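Analysis of the macromolecular model
Listed here are the chains, written in short residue letters.
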Amino acid sequence: MPASPERTLIAPGEMNRRTGRVLYRFVLTLTVVGFTLAFVFPLYWMASGALKSSAELADPTPTLVPQSWHPESYSQAWTNVGLGRYFLNTLLLAAGAWLIQLIVDVAAAYSLSRLRPALGHVVLGMMLATLMLPVSALLVPTYLTVTDVPLIHLNLINTPWAIWLPACANAFNIFILKRFFDQIPAELLESARLDGAGPVRVLLWVVLPLSRPVLAVVSIFAVVGVWKDFLWPLLVLPDPARQPVTVALNRLAEFMPANQLLAGMVMASIPLLVIFLLFQRHIIAGLTAGSLKG
């Protein structure tokens with residue numbers, strides 16, 4: 001049976017013409033440059049603003065290039081307000097949320113995918129239903145939960161657990177993991193069971209080694225989600241000594257010069273940019289991974 005012709009936005013006949021190729025490359029270049037400027041220009045504006053003087057930033061006529069360069073604003077922002085301590089707080093919150101979220105989400109996805117408990121589809125549907133709710137609608141019930149944890153009646157305010165516990169059950173990550181676990185050939189799991197491996201051992205020695213791409217995606221989402229969060233840490237971490245860098249910069253904004261504030265924002269953004277640039281291939285591979293070749 002002859003293969004069906006490939007369907008594309010541009011007909012192959014148009015690409016064979018010189019005019020079609022030129023027009024295609026022009027539109028493609030214009031689109032790439034436009035999207036690049038739309039995403040990169042705000043980062044450049046923030047980084048270059050930190051190099052300007054406070055008077056130049058207050059000038060109603062903005063300048064694309066600083067008239068006078070002040071790179072010392074970065075070191076001053078780091079030392080004058082103690083950003084190092086807030087970075088450590090953020091790192092602690094992100095690392096704990098990543099570890100707990102990975103444990104809970106992997107266990108939930110594996111049980112829904114392979115152990116198939118009773119009413120598992122109902123549980124998964126209820127989890128996915130939470131994705132339809134705006135975050136603001138969940139703030140009050142979540143806050144009431146961490147101020148008085150059901151059954152054990154603990155107040156988690158001003159503790160890292162107020163960040164870690166709400167972040168551990170992520171419906172989106174559970175759905176991604178379950179979809180990946182569903183694609184693992186049942187023959188591999190069955191052969192492991194015939195060798196005497198129980199459910200936990202099958203998970204640790206068979207499923208997880210095959211799931212490195214999707215685990216990388218979940219890990220990146222977990223770290224980035226906690227690192228950039230502002231509203232929830234502002235509510236549950238009122239103690240300034242325990243606040244992450246996003247909350248600390250907002251609290252200290254009225255006491256900092258504008259260029260030092262921008263410098264602090266740039267430094268707070270650098271870890272997320274580095275993570276994305278280093279692991280962008282893992283993100284795409286993990287989200288598109290859905291089958292294994294035997």
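Higher on the page you've got the structure.
Let me begin by describing the structure that accompanies this report. (Residues numbered from 1 in each chain as written. Predicted model: local features only at pLDDT ≥ 70, side-chain atom pairs only at ≥ 80, totals over all residues. Heavy atoms only, no water.)

Observations concerning the overall build of the protein chain
- Within the protein chain, the regular secondary structure consists of 15 helices and 0 strands.
- Against the 2.2 N^0.38 benchmark of 19 Å for 294 residues, the protein chain shows a C-alpha radius of gyration of 25 Å, more extended than a compact globule.
- Here the protein chain holds 294 residues, and 34% of them are scored as buried.
- Within the protein chain, contacts between residues at least 6 apart in sequence are counted, and of these 69% link residues at least 24 apart.
- Total accessible area on the protein chain stands at roughly 18,500 Å², and carbon and sulfur atoms take up 70% of it.
- The centroid of the 19 positive side-chain charges in the protein chain is displaced by 10 Å from the centroid of its 14 negative side-chain charges. (Helix = DSSP H or I, 4+ residues; strand = E, 2+ residues; numbered from the N terminus. Rg over C-alpha atoms; globule rule 2.2 N^0.38 Å. Buried < 20%, exposed > 50% of the residue type's maximum accessible area, 1.4 Å probe, protein only. Contact = heavy atoms within 4.5 Å. Areas by Shrake-Rupley, 256 points an atom, 1.4 Å probe, with all protein chains shown as cover. Lys, Arg positive; Asp, Glu negative; His and termini not counted. Charge placed at Lys NZ, Arg CZ, Asp CG, Glu CD.)

A look at the packing of helix α5 (residues 83-115) against helix α9 (residues 171-182)
- Relative to each other, α5 and α9 sit at 45°, their axes nearing to 8 Å. By the angle between their axes, α5 is oblique relative to α9. Crossing of α5 against α9: the hand is right-handed. In this structure, α5 contributes Gln101, Asp105, Val106, Ala108, Ala109, Tyr110, Leu112, Ser113 and Arg114 to the contact, and α9 contributes Asn173, Ile174, Leu177, Lys178, Phe181 and Asp182.
- Looking at the contact of α5 with α9 residue by residue, the class counts come to 8 nonpolar, 3 polar and 4 charged. (Axes fitted to C-alpha atoms, helices over the stretch in contact; angles between N-to-C directions. Parallel < 35°, antiparallel > 145°, perpendicular 65-115°, else oblique. Left-handed = near helix turned anticlockwise from the far one by under 90°. Nonpolar A, V, L, I, M, F, W, Y, C, P; charged D, E, K, R; others polar.)

Comments concerning a nonpolar patch on the surface
- Among the surface-exposed residues, Phe41, Tyr44, Trp45, Leu64, Val65 and Trp69 lie close enough to one another that they form a single nonpolar patch of about 620 Å² accessible area.
- Mapped onto the fold, Phe41 is located in helix α2 (residues 18-50).
- Note on Phe41: relative accessible area 37%, which makes it partly exposed. (Patch = residues over 30% accessible without salt bridge, like charges linked within 9 Å, V, L, I, M, F, W, Y side chains within 5 Å. Salt bridge = Lys/Arg side-chain N within 4 Å of Asp/Glu carboxyl O.)

Side note on the pattern of salt bridges
- All chains considered together, the criterion is met by 3 salt bridges.
- The residue Asp182 makes a salt bridge to Lys178 at a minimum N-O spacing of 2.9 Å. Highlighted residues: Asp182 and Lys178, both in helix α9, separated by 4 residues, approximately one helical turn.
- On the accessibility criterion, Lys178 (13% relative accessible area) is buried.
- Residues Arg193 and Glu190 are paired through a salt bridge, measuring 3.5 Å at the closest nitrogen-oxygen approach. Separated by 3 residues within a single helix, Arg193 and Glu190 lie in helix α10 (residues 186-194), roughly one turn from each other.
- Taking relative accessible area as the criterion, Arg193 reaches 36% and is therefore assigned partly exposed.
- On the basis of relative accessibility, which here comes to 40%, the residue Glu190 falls in the partly exposed class.

Here's the deal with the environment of Met126
- Considering the arrangement of structural elements, one finds Met126 in helix α6 (residues 120-129).
- Residue classification places Met126 among the exposed residues on the basis of a relative accessible area of 57%.
- C-alpha separation for the pair Met126 and Ala171, spaced 45 residues apart in sequence, amounts to 9.2 Å.

Remarks on the nonpolar core
- Core analysis: the largest hydrophobic core is formed by 41 residues, its most contacted members being Leu83, Ile163 and Val236.
- Listed in part, the 23 residues of the second largest apolar core include Ala109, Leu177, Phe181 and Val206. (Core = buried A, V, L, I, M, F, W, Y, C linked by side-chain atoms within 4.5 Å.)

Considering unusual backbone geometry
- Even without being glycine, Leu119 reaches a positive phi, approximately 60°.
- In this fold, Leu119 is placed in the loop between α5 and α6.
- Owing to a relative accessible area of 63%, Leu119 belongs among the exposed residues under this scheme.

Some thoughts on the side chain of Thr63
- Note on placement: Thr63 falls in the loop between α3 (54-58) and α4 (72-80).
- Separated by 2.8 Å, the side chains of Thr63 and Glu56 make a polar contact.
- Those residues in contact with Thr63 that sit more than four places away from it in its chain are Trp45, Lys52 and Glu56. (Polar contact = N/O pair within 3.5 Å; in protein donor to acceptor, adjacent residues only side chain to side chain.)

A word on the environment of Thr90
- Secondary-structure assignment places Thr90 in helix α5.
- Separated by 96 residues in sequence, Thr90 and Ala186 place their C-alpha atoms 40 Å apart.

Considerations on the environment of Ala55
- The residue Ala55 is located in helix α3 in this model.
- Assessed through its relative accessible area of 61%, Ala55 is described here as exposed.
- Spatially, the C-alpha atoms of Ala55 and Asn259 are 9.5 Å apart, while their sequence positions differ by 204 residues.

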